Amino acid sequence: MPESNLAERSDRSEEQVSGAKVIAQALKTQNVEYMFGVVGIPVTEIAVAAQELGIRYIGMRNEQAACYAASAVGYLTGRPLIVIGGSSERSQETMGAFQEFPQVEACRLYSKFSARPSSIEAIPTVIEKAVRSSIYGRPGACYVDIPADFVTLQMNVNSIKYKECCMPPPVSMAETSAVCMAASVIRNARQPLLIIGKGAAYAHAEESIRKLVEQCKLPFLPTPMGKGVVPDNHPNCVSAARSRALQSADVIVLFGARLNWILHFGLPPRYQPDVKFIQVDICAEELGNNVRPAVTLLGDINAVTKQLLEQFDKTPWQYPPESKWWNTLREKMKDNEAASKELASKKSLPMNYYTVFYHVQEQLPRDCFVVSEGANTMDIGRTVLQNYLPRHRLDAGTFGTMGVGLGFAIAAALVAKDRNPGKRVICVEGDSAFGFSGMEVETICRYNLPIILLIVNNNGIYQGFDTDSWKEMLKCEDATTGAPPICLLPDSHYEQIMAAFGGKGYFVQTPEELQKSLRQTLEDTTKPSLINIMIEPQATRKAQDFHWLTRSNM
């Protein structure tokens, strides 16, 4: 062997690598593209090492928002949500070390996989398993705990063996007999309904589900994050008759939608007592929750939908477009849309929710991401703001957690910037919801992300006071005892927060001001913006047939 090669080999055998760099390389090997966090002792070095390898590091202002951003990237890209936490040094365990806490045990309850590598050499194996666990089956978060001394500990580079990137999740299919039975139940339905959930969006089942809808002429209803799998303006979308569709359907097919509180547990009075559910889900443990289904189809939602299509290709069938059921749904949709338009057309000031969303919808780009959180802001906005593409709506979802909006928007903006340059992100926030993660405005401006924040401001949580009523109340009472808990400071100028960090802020009170400011922000792609939209403090949604949350009597 030439002398130069021997010298090179000798040098290599003496090369040292830190635990931080091993972590970063293990993540890079698993095709991790984005990292969100708030760095400090002992994890700053991990972020630096990740950047050196080309992983995009986004420094957030709050760890909660960082996790929300990571979860949204996982949803949008199909790649993992891995939480990496620094912990106390091993030699100080049980001594009351800085921030000592049983993190692995605590996270085990909330994650699919939770572990602490036993050594630097074990880090690549643990990270590969965390990534694989997070994307196989029903996707979910995993936790990897890193002792502080591991981060800076130096190891011989030859002792580290990196694991190859895990293979894509296997695609599973439902039993053929169950698929045949499901097709039979659908054919015999008098009042069928498809419900398209977030799981269908994650499974990229849009093409097959749309084909099923159109081939069989079936009405469908999307869940909040199932919006856009089939476009909201599709003639078979019955969102405007949601309550009637749920209450009267005799056969309901659930595509990646869970019968939790969002779908009222599948129970009366929101459903017929004898309704037949067909559940399509990747997670076996989800099948049969709250109701006894007529048929269960366990498998990848896209693959299972294609199996159903094969049945209807063999023996073509269509639900009659002029049936009594379709006429009932169309009539209810017409009535509800008329009621919403009447509210949107009101000229009185301050504006109401429907007026605001009507003018926003008029100008929204069809391919934009819509992020939303709040109480009435999210619920009403969901019914008015349209989605035409899958995985283009992000909101508070199953947990109804406030504070997700800005983290979700940051994630969507990064993915859009990398994969669809020029695509805009519209983040629609209630004023209360904005307060949970408002400092992430600085993050948005620091990375100059193409986000438009709309704050629908009613001076409170659900409802608030106008300025005059607030001043009158303070004349005779102390705010701590007299101000209702749901009230916030009236006429707060949230747009000034955006301006403080270099973005563009607007304070609007009329439809004309809203139209003008939104038009300007959509034209200006050079900086993020925030439009603070003042509405009637007592504004609410139109009258509902049912309370928003069905209480189970089981």
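Residues numbered from 1 in each chain as written. Predicted model: local features only at pLDDT ≥ 70, side-chain atom pairs only at ≥ 80, totals over all residues. Heavy atoms only, no water.

1. Points about the nonpolar core
Stated formally: Remark: nonpolar core denotes a set of buried residues (Ala, Val, Leu, Ile, Met, Phe, Trp, Tyr, Cys) joined through side-chain atoms within 4.5 Å. For every residue, the accessible area (1.4 Å probe, protein chains only) is compared with the maximum for its type, and the residue is labelled buried under 20%, exposed over 50%, or partly exposed between those bounds. In this description, contact between two residues means that some pair of their heavy atoms is separated by no more than 4.5 Å.
The biggest cluster of nonpolar side chains holds 105 residues, and the ones touching the most others in it are F36, I209, F255, L297, I451 and L453. Once you skip the residues sitting within four places of it in the chain, I209 turns out to touch I196, A200, V229, V230, F255, I301 and T305. Counting 35 residues, the second largest nonpolar core, distinct from the first, contains V22, I120, C142 and I160.

2. Describing the pattern of salt bridges
Just so we agree on the cut-off: By definition, a salt bridge exists where a carboxyl oxygen of Asp or Glu is found within 4 Å of a side-chain nitrogen of Lys or Arg. Secondary structure elements are taken from DSSP: a helix is a run of H or I of four residues or more, a strand is a run of E of two residues or more, and numbering for both begins at the N terminus.
Applying the stated rule across the entire model yields 17 salt bridges. In this structure, E442 engages R61 in a salt bridge whose closest nitrogen and oxygen atoms are separated by 3.2 Å. Of the two residues, E442 is situated in helix α18 (residues 440–446) and R61 in the loop between β3 (56–59) and α4 (63–77); the sequence distance between them amounts to 381 residues. Through salt bridges that share partners, D379, R382, R393 and D395 make up one connected network.

3. Let's talk about the environment of I262
Here I262 lies in the loop between β10 (251–255) and β11 (276–281). I262 gets classed as buried once you look at its relative accessible area, which sits at 16%. In sequence terms I262 and G400 are 138 residues apart; their C-alpha atoms lie 9.5 Å from each other. Every residue in contact with I262, bar those within four places of it in the chain, is listed here: P224, R242, G397 and T398.

4. Thoughts on helix α6 (residues 123–135)
This is how the line gets drawn: A helix's residues, less one, multiplied by 1.5 Å, set its expected span.
Given a rise of 1.5 Å per residue, 13 residues ought to cover 18 Å, and the 19 Å separating the end C-alpha atoms of α6 matches this to within 8%. In terms of burial, α6 is a largely internal element, 10 of the 13 residues being buried. For α6, the complete set of buried residues consists of I123, P124, V126, I127, E128, A130, V131, S133, S134 and I135. In the core, the buried residues of α6 are packed alongside α2 (19–29), β4 (82–87), β5 (113–115), β6 (142–147), α7 (148–152) and α9 (198–202). Backbone geometry just downstream of α6 places G137 in the positive-phi region, at approximately 65°.

5. Details of the sheet that holds strand β13 (residues 369–373)
Our working definition: Strand pairing follows a simple DSSP-based rule, namely that at least 2 bridges must link the two strands. A fitted line through C-alpha atoms serves as each axis, taken over the contacting stretch for helices, and the angle formed by two N-to-C directions is quoted from 0 to 180°.
The strand order across the open sheet built from 6 strands is β14-β13-β15-β16-β20-β19, with neighbouring strands paired in parallel fashion. Strands at the two margins of the open sheet, each flanked by one partner only, are β14 (393–395) and β19 (504–508). Averaged over neighbouring strand pairs, the angle between their axes works out to 15° when direction is ignored. Pairing of strand β15 (residues 425–430) with strand β16 (residues 451–457), which is carried by 6 bridges, proceeds in the parallel orientation. Its bridge partner being in β16, C427 is matched across the sheet by L453. Contacting β13, β14, β15 and β16, helix α16 (residues 405–419) runs over the sheet at an angle of about 175° to β15.

Interpretation in functional terms is not warranted from these geometric data alone.
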